[in-house]
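# Observations on chain architecture
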Amino acid sequence: MHDARKIKVGVLGATGTVGQRFISLLSEHPFFVLHALGASHRSASKLYSHAVTWKQTRPIPSVVRDLVVEECKPECFAECEVIFSGLDADVAGPIEEAFRSAEFAVFSNAKNHRRDPNVPLVVPLVNSSHFAMIPQQRALHSPPLQKGFIVTNANCSTTGVVVPLAALERAFGPIESCMITTMQAISGAGYPGVSSFDILDNVVPYIGGEEEKMEWETLKILGGISESDDGVRSFDMHARQPLRVSAQCNRVPVIEGHTECVSVRFARRPPPSPQQVREALVSFTSDAWTASCPSAPRHTIFVHEEPDRPQPRLDRDYQAGAGISVGRVRQCQVLDIKFVVLANNVAIGAATSSIINAELAVSKGII
Ligand SMILES: NC(=O)c1ccc[n+]([C@@H]2O[C@H](COP(=O)([O-])OP(=O)(O)OC[C@H]3O[C@@H](n4cnc5c(N)ncnc54)[C@H](OP(=O)(O)O)[C@@H]3O)[C@@H](O)[C@H]2O)c1
């Protein structure tokens, strides 16, 4: 998909949970080259290996071990073309905007710009067509930008659920309503996250803001882009068929991998059978794979036949955490069909999505 050119990249929030996963993945990337790392003033000026509390199973890649951590200022990343952001949402908004204004391509995991009417919210296995909003984002910037833009990826639990929903809509037409109950891993809250005293032997039935994010982001991602008579584009929030989403989010004592129980009702009557749903999920191919993105999973969705799968400990590393696992596809007595989804929150739910988004931008000639 790409000529021999190497592209220098920077990682903001490089010491955090998502930042560490960025570094692990990018250290082996075929054409993105880790060049600069940024974090807070607490970490800046230190060697990366001294600043970070490394929590990955593989050692710190040698390419970053002795890099000096920078402050998150565009001038410290001057040689980079692409910026991956794993910044804390408390600070991500203005920092990411400063990098966009300085003509960087910014791929963010934070919530801050997801609702921006000109910022694509892209789950790369689902809605790469939303990159079409970037020319308008650049044009509306003051002054207009030549190269800079922000693309965000979704909340980690939204990402897991929109992939099978997109597969089902592609096969059977619009979904009318969707109920989701999540069991979310503690790594989703960053490090050190929820205290062990609160999460061991326990389930916490509240994750601040998470349910609202799932209910809103799903509409933006599964919706299309409309264009007015005077050429202004906007995200249509699934206008072709109103979609009601209800989410209940729980934190459970799992380290990595969000499990979600999903029930859906289709607009079409009669609805598809469980077997038709299984076949549609298995045969779903993402745009990212079609575009030969090197980090895209070969098989987007794996459908388990065993009654007790997927499970986070067994299935979270499916396709290096880039694939989605589904199981227990069966009839729902209230809506139409119900099933269980498992997605790796730190991989496809965060860093892997950003990296595939950047690969898509390269393949589309946007970078
Ligand atoms: N964890 C997940 O599964 C997941 C999934 C999807 C999206 N996200 C989103 O991704 C982002 C990062 O999450 P995380 O779990 O990796 O969080 P985290 O472990 O708490 O890491 C936060 C990072 O932000 C940096 N930071 C904090 N304050 C800063 C400041 N004032 N200036 C510059 N850098 C600053 C930290 O640097 P220091 O080490 O120097 O403090 C650290 O590198 C969040 O917006 C989160 O909502 C997370």
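Residues numbered from 1 in each chain as written. Predicted model: local features only at pLDDT ≥ 70, side-chain atom pairs only at ≥ 80, totals over all residues.

## Thoughts on the sheet that holds strand S10 (residues 244-251)
Either a parallel or an antiparallel arrangement is found when strands of a sheet pair, and the pairing is made through backbone hydrogen bonds. Pairing in this open sheet of six strands is mixed, and the strands run S10-S7-S11-S14-S13-S12 from one edge to the other. Only two strands of the sheet have a single partner each, and these edge strands are S10 and strand S12 (301-303). In this sheet, adjacent strand axes meet at a mean angle of 20° when their direction is disregarded. Note: strand S11 (residues 258-266) against strand S14 (residues 337-343), seven bridges, orientation antiparallel. The residue bridging Val-262 from the neighbouring strand is Phe-339, located in S14. Sitting on the sheet, helix H9 (residues 274-283) touches S12, strand S13 (324-331) and S14, and the angle it makes with S13 is about 165°. (Pairing = 2+ DSSP bridges. Helix = DSSP H or I, 4+ residues; strand = E, 2+ residues; numbered from the N terminus. Axes fitted to C-alpha atoms, helices over the stretch in contact; angles between N-to-C directions. Contact = placed C-beta atoms within 7 Å.)

## A word on the UniProt feature "domain: Semialdehyde dehydrogenase NAD-binding" (unreviewed entry) in the protein
Here the UniProt-annotated "domain: Semialdehyde dehydrogenase NAD-binding" (unreviewed entry) positions come out as residues 8-134. The distance from the first to the last C-alpha atom of residues 8-134 is 21 Å, and the span holds 25% helix and 18% strand. (UniProt positions renumbered as here; feature names shortened; annotations may be inferred.)

## As for the sheet that holds strand S6 (residues 149-152)
Here six strands make up an open sheet; going across it, the order is S3-S2-S1-S4-S5-S6 and the pairing parallel. Pairing within the sheet leaves two strands with one partner each, and these edge strands are strand S3 (70-71) and S6. Pairing of strand S2 (residues 32-39) with S3 involves two bridges; the strand directions are parallel. Counterpart to Gly-38 in the pairing with S3 is Glu-70. Those strands touched by helix H1 (residues 17-26) are strand S1 (7-12), S2 and strand S4 (82-85), and its axis lies near 160° from that of S1.

## Some remarks on the UniProt feature "active site" (unreviewed entry) in the protein
Here, the residues flagged by UniProt with the feature "active site" (unreviewed entry) are Cys-156 and His-258. Sequence-wise these annotated residues cover 103 residues; spatially they are packed, their C-alpha atoms never more than 7.9 Å apart. Mapping Cys-156 onto the fold places it in helix H6 (residues 156-172). The exposure class of Cys-156 is buried, given the 28 C-beta atoms found within 10 Å. Not counting residues up to four positions away in its chain, the partners in contact with Cys-156 are Gly-188, His-258, Asn-345, Gly-349 and Ala-350. Assignment of secondary structure puts His-258 in strand S11. On the basis of neighbour counts, which here come to 29 C-beta atoms within 10 Å, the residue His-258 falls in the buried class. If near-sequence neighbours (up to four positions away) are discounted, His-258 is found in contact with Cys-156, Ser-157, Gly-160, Thr-182, Gln-184, Ala-185, Gly-188, Ala-343, Asn-345 and Gly-349. (Buried ≥ 20, exposed ≤ 12 C-beta atoms within 10 Å, placed from the backbone.)

## Considering the environment of Val-362
Note that Val-362 resides in helix H12 (residues 347-363). Each C-alpha atom, one on Val-362 and one on Ile-7, is 9.8 Å from the other, the two residues being 355 residues apart in sequence.

## Notes on the domain arrangement of the protein
Along its sequence, the protein is organised into domain 1 (7-155 + 351-364) and domain 2 (156-343). Between the C-alpha centres of domain 1 and domain 2 there is a distance of 24 Å. Listed per partner, the contact involves 29 residues of domain 1 and 31 residues of domain 2. Looking at the side of domain 1 that touches domain 2 element by element, the count peaks at seven residues for H12. Classifying every residue of the side of domain 1 that touches domain 2 gives 13 nonpolar, twelve polar and four charged. (Domains from an automatic or database assignment. Nonpolar A, V, L, I, M, F, W, Y, C, P; charged D, E, K, R; others polar.)

## Quick look at unusual backbone geometry
For residues that are not glycine, phi is negative in most cases, and the peptide bond is trans in most cases. Here the bond from Ser-142 into Pro-143 is cis, since omega is -5°, no more than 30 degrees from zero. Along the chain, Arg-269 connects to Pro-270 via a cis peptide bond; the corresponding omega equals -10°. Within the secondary structure, Pro-270 is located in the loop between S11 and H9. Of note in the backbone geometry, Glu-103 takes a positive phi value of approximately 70° without being a glycine. Note on placement: Glu-103 falls in the loop between helix H4 (89-101) and strand S5 (105-108). Its identity as a non-glycine residue notwithstanding, Gln-319 has a phi of 55°, on the positive side. Here Gln-319 lies in the loop between helix H11 (312-315) and S13.

## What about the pairing of S1?
Two elements, S1 and S2, share six bridges in a ladder whose sense is parallel. Looking across to S2, one finds that Gly-10 is bridged to Ala-36. Taken together, S1, H1 and S2 constitute a β-α-β crossover, and its handedness is right-handed. Pairing of S1 with S4, which is carried by four bridges, proceeds in the parallel orientation. (Right-handed = clockwise from strand over helix to strand, strands pointing away.)

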